[in-house]
Amino acid sequence: MALGAMVLVQLGLAASVGLLDRIGPEGAAWLRLTWAGVILLVLVRPRLRSFTRSTLLSTAALGVVTAGITILFMGAVARLPLGTASALEFLGPLGVAVARGRRGTKVWPALAAVGVVLLTEPWHGGINLVGVAYALAAAVCWAAYILLTQRVGDGVPGLQGLAVSMPVAAVVATLVAGPSVLGEMTGELLLAGLGLAILLPVVPFVLEMLALRRLTTAAFGTLMSLEPALALLIGLLVLGQVPGWAPLAGVAFVVAAGVGAERTGARPATEPHLVVEREPVVAGVGAERTGARPVTESRHPAAEPADEREPVPATH
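Residues numbered from 1 in each chain as written. Predicted model: local features only at pLDDT ≥ 70, side-chain atom pairs only at ≥ 80, totals over all residues. Heavy atoms only, no water.

**Overview of the overall build of the protein chain**
Argument step 1. Check the secondary structure of the protein chain and you find twelve helices and zero strands.
Argument step 2. Seen in sequence order, the protein chain has helices and strands lined up from the N terminus as α-α-α-α-α-α-α-α-α-α-α-α.
Argument step 3. The proportion of buried residues among the 316 residues of the protein chain is 46%.
Argument step 4. For the protein chain, the accessible area works out to roughly 16,000 Å², and carbon and sulfur atoms hold 65% of it. (Helix = DSSP H or I, 4+ residues; strand = E, 2+ residues; numbered from the N terminus. Buried < 20%, exposed > 50% of the residue type's maximum accessible area, 1.4 Å probe, protein only. Areas by Shrake-Rupley, 256 points an atom, 1.4 Å probe, with all protein chains shown as cover.)

Here it is as structure tokens:
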């Protein structure tokens, strides 16, 4: 699910490049988010009664950071190659993976970090600093998005949370970018925005919410290291952005990190209950092992019950 979401995200971004020239990055983000909010409201029809105050606040916060990711990253893509922008944005999930990773699994974020450096090639210089700032701000929003998506997905059934957070994101995007592009809307642009909204963000965000119900945030964050590699590939195939040797080496590192994260990052389904077997306990040794009170039973022949179906009362 997470891999499918990443492929759709990068395809959606590549398909949005033509829209950037017509209504700008903020306008493209606004159009996609608005359509996504409408689609999810109509299809899911969320019931606010299923939300607690806490989950409703988390869902609203998720909507705000969703708008932030979309608007900021579109600004980065307008100024940087797709692979470079995605690699910088990945620093957000990488931070989550490092902060939340268990001991013994932090090797995967380390491998991913090397891959990101190779993908961005900072030693070349001449990179657009405004684009970098947009991508890093999107990275912060993405880190918050991962944590909030898991919290909302765990606290609200089905896609109810997404059907509320996406309209909130649409409202935020409208406040930020709506007034500057409303006058430029045409029927053709509206239809293009509808198609792009399905490709990104509707289907990918649904898949990510479902994936975060099955993965730890650390594993999900590291698994997102595959996204810069996918961005590099789609940038090559769709946009003709040819990578050098260092980005190709970076692909190998992030793929290794993503595979490792997927293998070690499944969430436990439930917390197992402690089950204490009834077995003879010698001098309290079993009590030390299980935490139960020590119980001894008389083994003298005279103390055996007449009817073996009736247990002997325990003596202390």
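**Digging into empty space enclosed by the protein**
Argument step 1. Tallied over the full model, the rule gives one cavity of 30 Å³ or more.
Argument step 2. Looking at the largest cavity, its volume works out to about 190 Å³.
Argument step 3. In terms of lining, the largest cavity is formed by 15 residues, of which the most central are Val-9, Ile-69, Glu-89, Leu-200 and Phe-205.
Argument step 4. Contributions of two or more residues to the lining of the largest cavity are made by helix H1 (2-44), helix H2 (53-77), helix H6 (129-155) and helix H8 (187-212). (1 Å grid on protein atoms, 1.4 Å probe; cavity = no way out; pocket = protein on both sides within 12 Å on 5 of 7 lines; lining within 4 Å. Points joined across faces, edges and corners; volume = space filled by probe spheres on them.)

**Remarks on a nonpolar patch on the surface**
Argument step 1. Taken together, Val-7, Leu-11, Leu-233, Leu-236, Leu-237, Val-238, Leu-239 and Val-242 make up a surface patch of nonpolar side chains, about 680 Å² in accessible area.
Argument step 2. Of all the secondary structure elements, the ones that give two or more residues to the nonpolar patch are H1 and helix H10 (226-239).
Argument step 3. The dominant element in the nonpolar patch, judged by the number of residues it contributes, is H10, at five residues. (Patch = residues over 30% accessible without salt bridge, like charges linked within 9 Å, V, L, I, M, F, W, Y side chains within 5 Å. Salt bridge = Lys/Arg side-chain N within 4 Å of Asp/Glu carboxyl O.)

**Overview of the pattern of salt bridges**
Argument step 1. This model, assessed by the stated rule, comprises one salt bridge.
Argument step 2. We note a salt bridge from Arg-22 to Glu-188, for which the minimum N-O separation is 3.4 Å. Of this pair, Arg-22 sits in helix H1 while Glu-188 sits in helix H8; the two residues are 166 residues apart in sequence, bridging distant segments of the chain.
Argument step 3. For Arg-22, a relative accessible area of 44% corresponds to the partly exposed category.
Argument step 4. On the accessibility criterion, Glu-188 (54% relative accessible area) is exposed.

**Comments concerning the packing of H2 against helix H7 (residues 160-181)**
Argument step 1. In the contact formed by H2 and H7, the axes pass within 7 Å of each other and the chain directions differ by 50 degrees. Taken together, the axes of H2 and H7 lie oblique to each other. Once H2 is placed against H7, the crossing between them reads as right-handed. Within the contact between the two elements, H2 uses Thr-59, Ala-60, Leu-62, Gly-63, Val-64, Thr-66, Ala-67 and Ile-71 and H7 uses Gly-161, Val-164, Ser-165, Met-166, Val-168, Ala-169, Val-172, Ala-173 and Val-176.
Argument step 2. Residues that form the contact of H2 with H7 fall into these classes: twelve nonpolar, five polar and no charged. (Axes fitted to C-alpha atoms, helices over the stretch in contact; angles between N-to-C directions. Parallel < 35°, antiparallel > 145°, perpendicular 65-115°, else oblique. Left-handed = near helix turned anticlockwise from the far one by under 90°. Contact = heavy atoms within 4.5 Å. Nonpolar A, V, L, I, M, F, W, Y, C, P; charged D, E, K, R; others polar.)

Keep in mind these numbers describe shape, not what the thing actually does.
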